[in-house]
Amino acid sequence: MRICGNSIIIMLLLACSLDVLAFEPWNVPGPEGGRKNPLKADKNVIENGRIFFMNTCKACHGEQGLGNGVIKAADMTTAKFQSQTDGELFYKITTGRGQMPSFKAMNSNDLWQVIIFIRTLAGGAKQVLKKNAMLNLIIDVNKPEKQVTGVVYFMDEAGQKQPLEKIKVGFYVQRMFGLLPVGSKYTNDKGYVRLDFPSGIIGDTIGNLNLVAKLEDAEYKSADALATVKWGLPNTGLKKAERTLWATNKLAPVWLILSFTLTLLVIFGVIIYVLLQVRKIHRLGKIV
Amino acid sequence: MGKINDKGKGSSRRDFLKSGITFGAGAIAGAGLVSAIANAGGKENKVKVLTGDGKIAEVNASELNMISPGEVQEKNQKQGRIGLPGKKFVMVIDLSRCQNARKCMAACNAAHELQPYQHHINTLQMQDSADSAPYYMPKPCFHCDNPPCVKVCPVDATFKRQDGIVLIDNERCIGCRFCISACPYSARMFQWFEPEMTEEQKNRPYNIELNVPQKRGTVTKCLFSADRLRVGKLPYCVSSCPNGVYYFGDKNEDAVTNGTTGETVLFSELIRNNAGYTYFEDLGTKPQVYYLPPKDRRTPFKPVEDSLGEKI
């Protein structure tokens, strides 16, 4: 009993020490915490930071940085988290602790960019009321150039179409498991965006492609426009099953079927021939 | 889904129901996933069934064609042999991103009902020589275009489909293990022991695209999650990776999609820009799983230690 009691105390102590370890403040050496972010926040930096975040941090920290990914991670939206300096965040990202890996091997420019993006997560996912916008595609199939034009506009109170300037439109091609980006452009002052479609994209058997255009802007609701165009290369992979050595019986190579049948015929032929000869000898014996 | 409300078109509706009920009735008969509720109120008895895509539909009881587990299995066997027309599946594994999270293995083992010591996919700690840098390497079946395993099967149990996937029919397999010896990648494993499951689980219709229920005395291996591909989803391992290691797609379309980020890229460009390679390509097996070298690691390599602090 005594040993048992002791071991329980030890386990309790261990549990406490583990807890202490988990909540131990993560101190950053003074000079490290004082480092300044060499980059300034702009649309491009935030977008690059967002892409990096989605590729590297999202899995654990969650899409909105709430720390609700596949493992429990720090909530990036709290005031306490956001009160850290850029230098402190940079130090923690490059050093790592416990489940948080060290990202020392990454490009430091990417890390500074993601820190700027993390700042946009402050206060949690804000309910942003996005405005409505429309996206239409114009494709002239008679023209030899593979060119697609998108028009972005919104309807004003009078019911008139008003073009939207500097709105990002991304163009994609539908693939089996996702959308393959083929280019993105910003609209001009008339709300137009023109993209020269790249050649060499593989379509279906006759080269048809499902083109998807997406309005991607922080201020406006995302809108999709779809079109089927015959700008792709024909899919030549759709071959009939070939005769191969590893195929099922039905598609075995002709030489294999022939040689196998021939071997069987020869073997059984010889056996039958021998049996016939034996019968002949037997008969000859009877006559004598 | 639209066809179910379209009362004018009897034949097309029936066709739809056939495909939907196959799954629904299979589930009723097999695992009891669905409770069929007879509706006594109307003129005709209505029955609720679960369609193949997980939606609940209501059909007339008289039109309900109960399909026995045997018929479900027969359908599985037939479609499993043919594969998805016009596809050629390919996987790309980015070694620089693997941190040995082992989520792929957990998802795979759960789907294929494997014991913790059995692996269709395994993450290995690799070090090519004493001076070279160690890295982690997830290793599934490579679904070779010239598969040595298929050539040696004496009973036509293992086969390569037109979409490139190499599968095993555990109903045909006699357990000779020729294929295990023939595979240069040790991708196959043998079920030495009776898998742990209830009598009810054991009586489920066998799914050739999932190798479930597993059978003692037969061979099993990675299936590229053929059952998931049939419904247009990424394989279990690919979609459960937290580190963006896996890309998967159709080589005929020349596009692969990352299971973590959902980003789709050109397969040929990915391989060309990152010096993608296949394992033991000099054997002429033409593997369909490509590796990207462990260059520019995202995080430094952390060796796995056992309870005694020894590196494993």
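The structure under discussion appears in the preceding block.
Residues numbered from 1 in each chain as written. Chains lettered and ligands numbered in written order. Predicted model: local features only at pLDDT ≥ 70, side-chain atom pairs only at ≥ 80, totals over all residues. Heavy atoms only, no water.

1. Brief notes about the side chain of His112 of chain B
Phase 1 of the analysis: You can see His112 of chain B is positioned in helix α3 (residues 103-112).
Phase 2 of the analysis: For His112 of chain B, the contacting residues outside a window of four places in its chain are His120, Leu210, Val212, Gln214, Leu223 and Tyr236 of chain B. (Helix = DSSP H or I, 4+ residues; strand = E, 2+ residues; numbered from the N terminus. Contact = heavy atoms within 4.5 Å.)

2. A few points about unusual backbone geometry
Residues and elements named next belong to chain B.
Phase 1 of the analysis: The omega torsion of the bond from Val212 to Pro213 falls at -5°, within 30 degrees of zero and hence cis.
Phase 2 of the analysis: Along the polypeptide, Pro213 turns up in the loop between α6 (199-202) and β10 (219-221).
Phase 3 of the analysis: The phi dihedral of Phe224 is positive, around 55°, even though this residue is not glycine.
Phase 4 of the analysis: Checked against the element boundaries, Phe224 lands in the loop between β10 and α7 (226-230).
Phase 5 of the analysis: Positive phi is not limited to glycine here, since Ala275 has a value of about 55°.
Phase 6 of the analysis: Its place among the elements puts Ala275 in the loop between α9 (267-273) and β14 (289-292).

3. A closer look at the interface of chain A and chain B
Phase 1 of the analysis: In this complex, chain A contributes 28 residues to the contact, which on the side of chain B involves 38 residues.
Phase 2 of the analysis: Buried surface at the junction of chain A and chain B, both sides included, amounts to about 2,700 Å², of which 62% is carbon and sulfur.
Phase 3 of the analysis: Among the residues of chain A in contact with chain B, Met176, Phe177 and Trp246 of chain A are the three that bury the most area, contributing 31% of the side total.
Phase 4 of the analysis: Joining chain A to chain B, the criterion identifies one salt bridge.
Phase 5 of the analysis: The closest approach of N and O atoms between Glu253 of chain B and Arg175 of chain A, which form a salt bridge, is 4.0 Å.
Phase 6 of the analysis: There are four residue pairs in polar contact (both at pLDDT 80 or more) connecting chain A and chain B.
Phase 7 of the analysis: Contributions of two or more residues to the side of chain A that touches chain B are made by α3 (43-56), α4 (58-61) and β5 (179-186) of chain A. (Buried area = accessible area lost by both parts, 1.4 Å probe. Salt bridge = Lys/Arg side-chain N within 4 Å of Asp/Glu carboxyl O. Polar contact = N/O pair within 3.5 Å; in protein donor to acceptor, adjacent residues only side chain to side chain.)

4. So, the sheet that holds strand β11 (residues 246-250) of chain B
Sheet strands line up and pair through hydrogen bonds in the backbone, either parallel or antiparallel.
Residues and elements named next belong to chain B.
Phase 1 of the analysis: Taken in spatial order, the five strands make up an open sheet running β13-β12-β11-β4-β14, and their pairing is mixed. Edge positions in the sheet fall to β13 (264-266) and β14, since each of these pairs with one other strand and no more. Mean inter-strand twist for the sheet, computed between neighbouring axes without regard to direction, equals 25°.
Phase 2 of the analysis: Here strand β4 (residues 89-94) runs beside β11; their pairing, made up of five bridges, is antiparallel. The residue of β11 that forms the bridge with Val92 is Tyr247. (Pairing = 2+ DSSP bridges. Axes fitted to C-alpha atoms, helices over the stretch in contact; angles between N-to-C directions.)

5. Quick notes on the sheet that holds strand β4 (residues 168-174) of chain A
All names here are of chain A.
Phase 1 of the analysis: Strands sit in the order β5-β4-β7-β8 across an open sheet of four strands; the sheet is antiparallel. The open sheet has two edge strands with one neighbour each: β5 and β8 (224-229). Going across the sheet, the axis of each strand differs from the next one's by a mean of 25°, ignoring polarity.
Phase 2 of the analysis: Strand direction decides the pairing type here: β4 and strand β7 (residues 209-216), joined by six bridges, are antiparallel.

6. With respect to the packing of aromatic side chains
Phase 1 of the analysis: Summed over all chains, the structure comprises 18 aromatic pairs over all chains.
Phase 2 of the analysis: Taken together, a centroid distance of 4.2 Å and an interplanar angle of 5° make the contact between Phe90 of chain A and Trp112 of chain A stacked. With a gap of 22 residues between them, Phe90 of chain A in helix α6 (residues 86-95) and Trp112 of chain A in helix α7 (residues 108-119) connect regions that are remote in the sequence.
Phase 3 of the analysis: Taking the relative accessible area as the measure of exposure, Phe90 of chain A reaches 6% and is therefore buried.
Phase 4 of the analysis: Taking the centre distance of 4.7 Å and the plane angle of 25° together, the rings of Tyr136 of chain B and Phe301 of chain B count as stacked. Taken together, the residues span a long stretch of sequence, with Tyr136 of chain B in strand β6 (residues 135-139) and Phe301 of chain B in the segment after β14 at a distance of 165 residues. No difference in accessibility class separates Tyr136 of chain B from Phe301 of chain B, as the two residues are buried.
Phase 5 of the analysis: An aromatic cluster of three or more residues is present, and its members are Phe142, Tyr185, Tyr277, Tyr279, Phe280 and Tyr291 of chain B.
Phase 6 of the analysis: Of note, Lys161 of chain A hangs over the ring of Tyr153 of chain A, and the distance from its end group to the ring centre comes to 4.8 Å. (Phe/Tyr/Trp six-rings, centres within 6.5 Å; stacked < 30°, edge-to-face > 60°. Buried < 20%, exposed > 50% of the residue type's maximum accessible area, 1.4 Å probe, protein only. Lys NZ or Arg CZ within 6 Å of the ring centre and 35° of its normal.)

Remember, this is a structural readout, not a statement about activity or role.
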